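# Chains, contacts and geometry: an overview
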Amino acid sequence: MREINQAEISAVSGAGLTEFLSGVNTALPQVSATLDTTVEALAETSIIGEKIGLSYKAFGLSIAKGYLTAFSGFLTKLAA
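## Some words on the packing of aromatic side chains
Here the structure, examined in full by the defined rule, presents one aromatic pair. Geometrically, the ring pair formed by phenylalanine 20 and phenylalanine 71 is edge-to-face, given 5.9 Å between the ring centres and 85 degrees between the ring planes. Of this pair, phenylalanine 20 sits in helix H2 (residues 17–44) while phenylalanine 71 sits in helix H3 (residues 48–79); the two residues are 51 residues apart in sequence, bridging distant segments of the chain. Phenylalanine 20 sits in the partly exposed class, given a relative accessible area of 46%.

Right, dumping it as structure tokens:
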């Protein structure tokens with residue numbers, strides 16, 4: 001049985017990371033755009049039920065955007 005060298009370990013451990021990072025970076029602007037649209041709709045509505053629903057949606061999207069941003073930064077450091 002032969003030993004695995006460092007280059008082989010690097011090749012396998014990073015497999016698919018750049019594609020995954022690309023997907024995260026593609027999703028981030030989409031989430032951001034949806035958040036912006038939701039905040040605009042929230043500002044325009046006067047119906048209390050819609051305000052509550054849009055507020056929950058905006059809150060969730062804001063959290064998702066924060067996680068995606070942090071995750072993208074983490075993956076970028078791993079890929080380097």
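## Topic: the side chain of threonine 38
Relative to the elements of secondary structure, threonine 38 occurs in helix H2. Taking relative accessible area as the criterion, threonine 38 reaches 3% and is therefore assigned buried. Not counting residues up to four positions away in its chain, the partners in contact with threonine 38 are Leu54, Lys57, Ala58 and Leu61.

## Structural notes on the nonpolar core
The biggest cluster of nonpolar side chains holds 10 residues, and these are Leu17, Leu21, Val24, Leu28, Val31, Leu35, Ala58, Leu61, Leu68 and Leu75. Listing elements by their share of this core, those giving two or more residues are H2 and H3. Looking at which element gives the most residues to this core, the answer is H2, with six residues. When residues no more than four places from it in sequence are discounted, the contact partners of alanine 58 are Leu35, Thr38 and Val39.

How each quantity is defined
Residues numbered from 1 in each chain as written. Predicted model: local features only at pLDDT ≥ 70, side-chain atom pairs only at ≥ 80, totals over all residues. Heavy atoms only, no water. Phe/Tyr/Trp six-rings, centres within 6.5 Å; stacked < 30°, edge-to-face > 60°. Helix = DSSP H or I, 4+ residues; strand = E, 2+ residues; numbered from the N terminus. Buried < 20%, exposed > 50% of the residue type's maximum accessible area, 1.4 Å probe, protein only. Contact = heavy atoms within 4.5 Å. Core = buried A, V, L, I, M, F, W, Y, C linked by side-chain atoms within 4.5 Å.

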